[in-house]
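# Residue-level structural notes
This is what each chain is made of:
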Amino acid sequence: MLISAARIVPATGGVLAPGYLSFEDGVITAVGSGPPPGRPDLDLPDGYLLPGLVDLQVNGYFGVELGDADPDGWRTVARRLPQTGTTAFLPTFITSPIPQAVDALRRAARFVPRMGEQWSSTGAVVEAPGARVLGVHLEGPFISPERRGAHNPAWITTPDHDTVAALLDAGEGLVRVVTLAPEIDGATDAIKQLTAAGVLVSVGHSDASAAQVGAAAVAGARMVTHLFNAQRPLHHREPGVVGQALTDPRLTSGLIADLAHVAGPVAALAFAAAPGRIFLVTDAAACAGMPAGRYILGGQPIELADADGSPPVRRDGTLAGSALRMDVAIANMVAVGATVPEAVEAATRVPADLIGRPDLGRLATGAAADLTWVNEEFAAQASWVAGRPAYQAGLR
């Protein structure tokens with residue numbers, strides 16, 4: 001397929017205006033500026049053609065809480081996420097009792113490898129277009145009670161070798177990210193154990209000092225979970241988690257860019273302070289993409305007061321995930337001063353590289369043909385996963 005576009009944002013190298021892209025067998029074969037080398041199969045006369053968006057923190061969406069969902073629930077989320085521009089995501093399980101977390105990982109390990117398949121009416125297996133499942137993000141239970149946010153304090157615990165091993169074994173390679181607080185007992189050994197197993201360790205829900213976060217980076221941590229939220233803030237005499245995250249080149253931080261979790265000027269400050277080391281996440285809960293009402297996060301109720309993008313809350317008013325879309329996150333960052341390439345890179349290449357998927361998050365020869373076309377306001381109009389149409393409502 002050959003596509004011509006008014007603007008292409010490859011995620012490296014600025015904006016091609018106009019530009020063209022071709023792909024074959026799910027892989028990009030050419031990207032260039034100017035008119036296409038032949039008659040295009042599809043012309044996108046306005047907006048931007050982007051790499052498919054990559055979200056590393058999705059608790060749920062479309063009424064489904066992923067930590068407690070069956071295969072049909074996971075498939076619902078995967079099939080519908082391309083409506084938001086997201087073509088790859090990391091389902092996230094927040095703090096739960098260890099036996100429950102082990103069971104959830106075992107269930108997921110049985111069906112996630114076949115998430116790209118569905119049964120046809122004739123009984124044959126056919127591919128189902130939908131966002132890629134990149135693994136599982138365990139956000140807890142090894143976190144600080146003082147910075148727990150919406151996590152249940154009764155289920156927070158400290159790590160030991162056997163508990164970490166049990167979680168890894170249950171996931172059968174599915175665990176890709178673990179968020180923990182580096183200041184709690186056993187955290188340093190857990191960071192080393194997880195890193196040795198190929199798991200990306202993220203500092204989050206933490207009251208750590210800057211020095212403790214730096215020590216976590218020495219041990220192998222490379223990520224910070226939802227920067228500014230549920231962590232020791234920046235102080236001019238104790239930089240805390242935030243200060244270390246923004247100044248330590250070993251650390252790349254997620255940012256919930258709904259402009260409610262983090263005010264616009266502060267989000268812009270993060271981009272300016274740590275260029276190329278901030279990536280956008282939704283931290284979406286089951287209420288995302290749904291009407292106002294009561295939903296579940298981590299086995300406990302949350303309330304979405306309205307569907308205008310405001311985050312859901314626990315009964316005590318604590319923010320509990322979000323109802324954010326990734327395409328809206330890009331629009332929000334552009335609105336507060338980020339350039340289009342900066343905002344797109346933070347939703348594509350930066351998270352893809354962090355999770356160890358250099359085949360995703362960019363429009364380049366040899367990369368996967370995961371694409372999203374957005375309009376002038378950055379709202380998703382069409383998406384492709386491995387070259388297959390996953391969402392086409394905006395195409396005429």
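Here, every reference points to the structure presented above.
Residues numbered from 1 in each chain as written. Predicted model: local features only at pLDDT ≥ 70, side-chain atom pairs only at ≥ 80, totals over all residues. Heavy atoms only, no water.

## Comments concerning the packing of aromatic side chains
Throughout the structure, instances matching the rule amount to four aromatic pairs. Measuring from ring centre to ring centre gives 5.1 Å for Tyr 48 and Phe 378, while their planes differ by 15°; the resulting arrangement is stacked. With Tyr 48 in strand S5 (residues 48–51) and Phe 378 in the loop between strand S21 (371–374) and strand S22 (380–385), this residue pair connects regions lying 330 residues apart in the sequence. On the basis of relative accessible area, Tyr 48 is assigned to the buried category, the value being 11%. Chaining the aromatic ring pairs together yields one cluster made of Trp 74, Phe 93 and Phe 111. Its end group placed over the ring of Tyr 48, Arg 7 keeps NZ or CZ at 4.6 Å from the ring centre. (Phe/Tyr/Trp six-rings, centres within 6.5 Å; stacked < 30°, edge-to-face > 60°. Helix = DSSP H or I, 4+ residues; strand = E, 2+ residues; numbered from the N terminus. Buried < 20%, exposed > 50% of the residue type's maximum accessible area, 1.4 Å probe, protein only. Lys NZ or Arg CZ within 6 Å of the ring centre and 35° of its normal.)

## A closer look at the packing of helix H3 (residues 161–171) against helix H4 (residues 187–196)
Where H3 meets H4, the closest approach of the two axes is 10 Å, and the angle between their N-to-C directions is 30°. Judged on the interaxial angle alone, H4 and H3 are roughly parallel. The chirality of how H3 crosses H4 is right-handed. Residues His 161, Val 164, Ala 165 and Leu 168 of H3 lie in contact with H4, whose contacting residues are Ala 190, Gln 193 and Leu 194. (Axes fitted to C-alpha atoms, helices over the stretch in contact; angles between N-to-C directions. Parallel < 35°, antiparallel > 145°, perpendicular 65-115°, else oblique. Left-handed = near helix turned anticlockwise from the far one by under 90°. Contact = heavy atoms within 4.5 Å.)

## Here's the deal with the pairing of strand S18 (residues 278–281)
The alternating pattern of S18 places Ile 278 and Leu 280 and Phe 279 and Val 281 on opposite faces, both of which are buried. Summarising the sheet, strand S17 (residues 252–256) and S18 pair through four bridges and their orientation is parallel. Considered in S18, the bridge of Ile 256 is made with Val 281. For the crossover that starts at S17, traverses helix H7 (residues 264–273) and ends in the parallel S18, the hand is right-handed. (Pairing = 2+ DSSP bridges. Right-handed = clockwise from strand over helix to strand, strands pointing away.)

## Overview of unusual backbone geometry
The omega angle of the peptide bond from Ala 17 to Pro 18 is -5°, so this bond is cis rather than trans. For Pro 18, the position within the fold is in the loop between strand S1 (2–5) and strand S2 (19–24). Across the junction of Gly 140 and Pro 141, the peptide omega takes the value 15°, indicating a cis bond. Along the chain, Pro 141 turns up in the loop between strand S13 (136–139) and H3. Here Asp 25, not a glycine, exhibits a phi torsion of approximately 50°, which is positive. Topologically, Asp 25 is positioned in the loop between S2 and strand S3 (27–33). One non-glycine residue with positive phi stands out, namely Phe 378, at about 75°. Taking relative accessible area as the criterion, Phe 378 reaches 7% and is therefore assigned buried.

## Quick look at the sheet that holds S3
If you trace the four strands from one edge of the open sheet to the other, you get S3-S2-S1-S4, paired in mixed fashion. With partners counted over all chains shown, the strands left at the sheet margins are S3 and strand S4 (42–44), one partner each. The average undirected angle you get between the axes of adjacent strands in this sheet is 15°.

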